[in-house]
Amino acid sequence: MPSLCRRVGSGTVLWPGRRREPFMPVPKRRTSKARKGKRRSHHALTPVQTVVCKQCGRPTLPHSVCSNCGWYRGRQVLEVEEE
Ligand SMILES: [Zn+2]
């Protein structure tokens, strides 16, 4: 920054004889399509794994008590309130 410049507030430099220019970091180059695609190659989501409950047949999360009937590993472990 030349010595003739004045700092006005935070982040703004008043250049001599010019308009106010923002003093902030900006990317030097735009992100190419290839680089953007390579970055997003890891962004895909995978569906949640489910298993079928042996008691009621509803899909449930593996290694978890069935939220529909309350069974886990062939026995009742939770009381499920009826609606
Ligand atoms: Zn069940």
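Just above sits the structure.
Residues numbered from 1 in each chain as written. Predicted model: local features only at pLDDT ≥ 70, side-chain atom pairs only at ≥ 80, totals over all residues.

J.: Would you take a moment to explain the overall build of the protein chain for this structure?
T.: The helix and strand inventory of the protein chain stands at one helix and seven strands. Order of helices (α) and strands (β) in the protein chain, N terminus to C terminus: β-β-β-α-β-β-β-β. Per-residue burial over the protein chain gives 2% buried out of 83 residues. Restricting the contact set of the protein chain to residue pairs at least 6 apart, pairs at least 24 apart contribute 0%. (Helix = DSSP H or I, 4+ residues; strand = E, 2+ residues; numbered from the N terminus. Buried ≥ 20, exposed ≤ 12 C-beta atoms within 10 Å, placed from the backbone. Contact = placed C-beta atoms within 7 Å.)

J.: Just checking my understanding: could you explain unusual backbone geometry for this structure?
T.: With glycine set apart, most residues show a phi of negative sign, and most peptide bonds adopt trans. You will see that H63, though not glycine, has its phi angle at about 60 degrees, which is positive. With respect to the helices and strands, the residue H63 is situated in the loop between β5 (59-60) and β6 (71-72). Of note in the backbone geometry, R73 takes a positive phi value of approximately 55 degrees without being a glycine. Its place among the elements puts R73 in the loop between β6 and β7 (75-76). Given 8 C-beta atoms within 10 Å, R73 falls into the exposed group.

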